[in-house]
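Chain by chain, the residues:
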Amino acid sequence: MRRQSEPRDLVYTTEQVAALLEVAWAYEQRHHIHMFIMIMLNTNARVEAVLELDKDVQVRDGLIYFDAPGRQQTKKRRSIVPICPTLAPWLEIHRGRAIQWRKPHPNAITGQTACRLGPVDSIKTAFAKTLIEAGLCEQAVDPAGAECWLPPHRKFGETMPRPKLIGIGSPNTLRHTASTEKHRRGVPEPQIETAAGHRGTGTNQKHYRHLRLEYLSDFIDGVESFWAEVGRHTDAHLRYRRDTKIIDLASARNSPSKKHNDVRKLKWCAY
């Protein structure tokens, strides 16, 4: 059984982020998870804001306007965030919605299957599967606290029951992680709060601060410092490396001698 609520001190380490990105990029049908992780960790945005982000309308002049034109503002405010250098090339992959799933569509005439891009309304299931594949998981328990087991996969030659695994954390854990990492790197609290969409003080501060040259400059430095640390474990966050090594990464995933498999064995850790 999953937790009813997620503690706010639940965050991912840079090694775990690296494992998530590699697993997400290893499968074409999970590339939208990779994009989602990249945007979340670069911006501190809310999950719903990222899923609804339309690049043709909300990305311009080096800024991401998470509050789309015509959207009614709610208590969960959406921010204006500068595009960090590591994220910029990923936003150029395709037009329209930033998070689009490559859904397979079989051709009734040829019998072949092709993938078509489509919008994503919920990412929980796919993200949970990515967590499990990356090794960020634990065995589920029932309401009485007993461990949950699943029948063996007969087609894979299994003869013993297998543990029912659930991912540790959720898409919102990425938001907690982004905020925690900025604090660790000394980013001023007002900049973290602004990027997260929390209410500012004063009309000028709320509506015009993104026009200043120094807007969230420390925030950007903090984000890039975070990716530099992630880069010690993977290059899956670098667009220019992904365009030429997709096949190599998928092969590495199945090789026990590769570093990726070592990353997947990481134990859960929280700050």
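Preceding this section is the structure that the text describes.
Chemist: I'm lost on the overall build of the protein chain in this one. Help?
Modeler: Helix and strand content of the protein chain: 11 helices and nine strands. Put simply, the protein chain has 271 residues, and 44% of those count as buried. If you take every contact in the protein chain between residues at least 6 apart in sequence, the share linking residues at least 24 apart comes to 68%. Here the protein chain has roughly 14,700 Å² of accessible surface; of this, 52% comes from carbon and sulfur atoms.

Chemist: Sorry, what's going on with the side chain of N44 here?
Modeler: By the secondary structure assignment, N44 is in the loop between α2 (31–43) and α3 (47–51). Owing to a relative accessible area of 1%, N44 belongs among the buried residues under this scheme. Side-chain polar atoms of N44 contact the side chain of K182, separated by 3.5 Å. For N44, the contacting residues outside a window of four places in its chain are R175, A178, S179, K182, I192, A195, A196 and F219.

Chemist: Just checking my understanding: could you explain the packing of helix α1 (residues 14–26) against helix α9 (residues 217–230) for this structure?
Modeler: To characterise two packed helices, one gives the angle between the axes of the helices and the distance between these axes. At a closest axis distance of 9 Å, the pairing of α1 and α9 adopts a crossing angle of 75 degrees. Accordingly, the angle class assigned to the pair α1 and α9 is roughly perpendicular. Contact with α1, carried on its side by T14, V17, A18 and L21, involves F226, W227, E229 and V230 of α9 and no other residues of that element.

Chemist: Looking at this structure, how should I read helix α6 (residues 171–184)?
Modeler: Note that an α-helix has 3.6 residues per turn; residues three or four places apart therefore point the same way. Over its 14 residues, α6 extends 21 Å from the first C-alpha to the last, a length consistent with the 20 Å expected when each residue adds 1.5 Å. Inspection of α6 places P171, T173, L174, R175, H176, T177, A178, E181 and K182 among the buried residues, and these make up the whole buried set. Of the surrounding secondary structure, the elements contacted by the buried residues of α6 are α1, α2, α3, α5 (124–133), α7 (189–196) and α9. A positive backbone phi angle near 75 degrees is found at G186, which sits one or two residues after α6.

Chemist: How should I be thinking about the sheet that holds strand β1 (residues 59–60) in this particular structure?
Modeler: In a beta sheet, neighbouring strands are held together by backbone hydrogen bonds and run either parallel or antiparallel to one another. Spatial strand order, β1-β2-β3: three strands in an open sheet with antiparallel pairing. This sheet does not close on itself; its edge strands, each paired only once, are β1 and β3 (80–82). Here three bridges tie strand β2 (residues 63–65) to β3, and the two strands are oriented antiparallel to one another. Bridge assignment links Y65 to a residue of β3, and that residue is I80.

Chemist: When you look at unusual backbone geometry in this model, what are you seeing that I'm missing?
Modeler: Negative phi is the rule for most residues except glycine; trans is the rule for most peptide bonds. One non-glycine residue, N44, lies in the positive phi region at around 70 degrees. One non-glycine residue, D61, lies in positive phi territory at about 55 degrees.

Chemist: Would you explain the pattern of salt bridges in this entry?
Modeler: Once their charged atoms are close, side chains differing in charge can pair, the charge on each being opposite to the other. In total, this model carries six salt bridges according to the counting rule given. A salt bridge links R78 to E52; the shortest N-O distance between them is 2.9 Å. Of this pair, R78 sits in the loop between β2 and β3 while E52 sits in the loop between α3 and α4 (55–58), and the two are 26 residues apart along the sequence. By relative accessible area, R78 is classed as buried at 14%.

Chemist: Whenever I open this one, the nonpolar core confuses me. Can you help?
Modeler: Generally speaking, a soluble globular protein has its nonpolar side chains buried in company with each other. Within the largest apolar cluster, 54 residues are counted, with the highest numbers of intra-cluster contacts made by F36, I39, F66, I99 and W227. Elements represented by at least two residues in this core include exactly α1, α2, α3, β2, α5, α6, α7 and α9.

Chemist: Just to check I follow, could you spell out the packing of α2 against α6 for this structure?
Modeler: Look at α2 against α6: their axes get within 8 Å of each other, and the N-to-C directions meet at 35 degrees. The hand of the α2/α6 crossing is right-handed. Where α2 abuts α6, its residues F36, I37, M40 and L41 lie against P171, L174, R175, T177, A178 and K182. For the contact of α2 with α6, a count of residues per class yields seven nonpolar, one polar and two charged.

Chemist: Looking at this structure, how should I read the environment of M40?
Modeler: Along the chain, the position of M40 falls in helix α2. The contacts of M40, once residues within four sequence positions are left out, are A45, R46, V47, V50, P171, L174, R175 and A178.

Conventions we followed
- Residues numbered from 1 in each chain as written.
- Predicted model: local features only at pLDDT ≥ 70, side-chain atom pairs only at ≥ 80, totals over all residues.
- Heavy atoms only, no water.
- Helix = DSSP H or I, 4+ residues; strand = E, 2+ residues; numbered from the N terminus.
- Buried < 20%, exposed > 50% of the residue type's maximum accessible area, 1.4 Å probe, protein only.
- Contact = heavy atoms within 4.5 Å.
- Areas by Shrake-Rupley, 256 points an atom, 1.4 Å probe, with all protein chains shown as cover.
- Polar contact = N/O pair within 3.5 Å; in protein donor to acceptor, adjacent residues only side chain to side chain.
- Axes fitted to C-alpha atoms, helices over the stretch in contact; angles between N-to-C directions.
- Parallel < 35°, antiparallel > 145°, perpendicular 65-115°, else oblique.
- Expected span 1.5 Å × (residues − 1).
- Pairing = 2+ DSSP bridges.
- Salt bridge = Lys/Arg side-chain N within 4 Å of Asp/Glu carboxyl O.
- Core = buried A, V, L, I, M, F, W, Y, C linked by side-chain atoms within 4.5 Å.
- Left-handed = near helix turned anticlockwise from the far one by under 90°.
- Nonpolar A, V, L, I, M, F, W, Y, C, P; charged D, E, K, R; others polar.

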